[in-house]
Amino acid sequence: MTIPLDAAYADQLDAADDLAGLRQAFVNDEPDLIYLDGNSLGRLPRATADLAADLVRRQWGTRLIRGWNEGWFELPERIGAKIARLIGAEPDEVIVADSTSVNLFKLVIAALRARPGRERIISDDLNFPSDLYILQGVADLLGGRHEIAMAYSSDGIHGPVETILGLLDHNTALLTLSHVAFKSGFLYDMPALTAAAHAVGALVLWDVSHSVGAVPINLSESGADLAIGCCYKYLNGGPGAPAFLYIRRDLQAQLVNPIAGWMGQRNLFNFDLDYEPAPGLRRFLTGTPPVVSLALIEPGVDLLLAAGIDRLRAKSLAQTEYLIELWQQRLAPLGYTLNSPRDPARRGSHISLGHPEGLGIDLALINELGVLPDFRAPDNIRLGVAPIYTSFRDIYTAVERMAQAVTEQRYLKYRDHRPAVT
Ligand SMILES: *Cc1c(COP(=O)(O)O)cnc(C)c1O
């Protein structure tokens, strides 16, 4: 297929997009900036900016400690129940707490304790490094009995599905993977891998940080045991927003939070001296929730629910296909490689393009060309498509500027530059 390489065609696609109006629901102070990093830090919803003012000035400033009885206490479950609708879970199966990394720590320990005698934990090299560090730390903490069996991708793009299937055995306690890989955007078949792990009696924990809000997820239908996810990416919850965790209902009473704290205690205001876990998911809370950042997650989730995850996925697929077509015609001849799956069914909502001058190109885009992608070593320029606010014109313009970065050799002056955050 060849598509027209002009801006008018991009505008035509935007005109036919029935989600295009949602862009206006987000703050956009720099209309000329092409923002393709919504998979790392989502944009600020206008409603969130208004809520922040109310939260700080009125709820905290005026209501003071009364706020806890006026909605703050229930926020972890109430917002969790809304996120549940995006991930195919029941309202009482999701709670907002801590960071993604800390939630992983809690759930991995709980899972391993629920599979005593089994020593194998399986993951892959496409997983987010923090997830692997947490696994290593947990294995160490539990006395070094566990073996982390790593499956390696043959091309760095596609998940090593066959290797994972081969590693699953009756000694496996836990399989844990990122649903969408943070670098390549590879999307695992959640129901199939969950079923394979269950066939050997292992538990499965999915990190949906890079899929929630962009890809339909059905944890219930997949039979998934556990999941964690991030709220500052496609959920647009704000920098460092607390994360969520999911535990299938029938497992909740069996699992114990290794960071026992008073927010997970049964009757916390009795101030009993001995820990007794709360019924349900509140037992996976630990300390006092960060009310301000927690409350600010809600407007972004509401916008996604209003748009509908199936419509968002349809737009995301149309946009990543468009981007790949533009890459093929415009960027491949300039040395860019496609480092994401070509098959739309196996792809999340970001596209990684490689280039030998990748980091220099990334810095030229950011500093000179008005495009904000991000960079993932060794050579990936990662273009996040957030269908709720990314336009086809954004994608078209980004591709034109990526071409310009190479034809004008804009990368040259950044060759020795290594920024702290990419
Ligand atoms: C973004 C992301 C995280 C983030 O973890 P934090 O604890 O918020 O730093 C974890 N896992 C995956 C797969 C991610 O994409």
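Conventions we followed
Residues numbered from 1 in each chain as written. Predicted model: local features only at pLDDT ≥ 70, side-chain atom pairs only at ≥ 80, totals over all residues. Heavy atoms only, no water. UniProt positions renumbered as here; feature names shortened; annotations may be inferred. Domains from an automatic or database assignment. Contact = heavy atoms within 4.5 Å. Buried area = accessible area lost by both parts, 1.4 Å probe. Salt bridge = Lys/Arg side-chain N within 4 Å of Asp/Glu carboxyl O. Polar contact = N/O pair within 3.5 Å; in protein donor to acceptor, adjacent residues only side chain to side chain. Helix = DSSP H or I, 4+ residues; strand = E, 2+ residues; numbered from the N terminus. Nonpolar A, V, L, I, M, F, W, Y, C, P; charged D, E, K, R; others polar. Disulfide = S-S within 2.5 Å. Buried < 20%, exposed > 50% of the residue type's maximum accessible area, 1.4 Å probe, protein only. Pairing = 2+ DSSP bridges.

In the nomenclature of an unreviewed UniProt entry, the chain corresponds to Kynureninase from the organism Chloroflexus islandicus. Among the UniProt annotations of the chain, the heading Subunit (unreviewed entry) holds the following wording: "Homodimer." Regarding the chain, the UniProt comment filed under Sequence similarities (unreviewed entry) reads as follows: "Belongs to the kynureninase family."

Draft legend 1. How the structure looks around the domain arrangement of the chain. Parsing the chain into structural domains produces domain 1 (7-45 + 308-414) and domain 2 (71-305). A separation of 29 Å is found between the C-alpha centroids of domain 1 and domain 2. Facing 35 residues of domain 1, the contacting portion of domain 2 comprises 27 residues. Area buried by domain 1 at its contact with domain 2 is led by Ile 309, Arg 346 and His 350, which between them contribute 23% of it. One can count zero salt bridges joining domain 1 with domain 2. Scanning the region where domain 1 abuts domain 2 turns up 17 residue pairs in polar contact (both at pLDDT 80 or more). If you tally residues by element for the side of domain 1 that touches domain 2, the top one is helix H12 (residues 309-331), at four residues. For the side of domain 1 that touches domain 2, the class distribution of residues is 16 nonpolar, twelve polar and seven charged.

Draft legend 2. Broad picture of the state of the cysteines. Inspection of the entire model under this criterion finds zero disulfides. Of the cysteine sulfurs around Cys 230, a residue in no disulfide, the closest is that of Cys 231, at 6.6 Å. Judged by relative accessible area, Cys 231 falls into the buried class, the value being 0%.

Draft legend 3. Summary view of the pairing of strand E10 (residues 350-354). Judged by how many residues are buried, E10 sits mostly within the fold: five of five residues are covered. With burial as the criterion, each face of E10 is covered, one bearing His 350, Ser 352 and Gly 354 and the other bearing Ile 351 and Leu 353. Two strands pair when backbone bridges link them, and strand E9 (residues 337-338) and E10 are joined in this way by two bridges, in the antiparallel orientation. Opposite Leu 338, over in E10, you have Leu 353 as the bridge partner. Here E10 runs beside strand E13 (residues 380-384); their pairing, made up of five bridges, is antiparallel. For Gly 354, the partnering residue across the bridge sits in E13 and is Asn 380.

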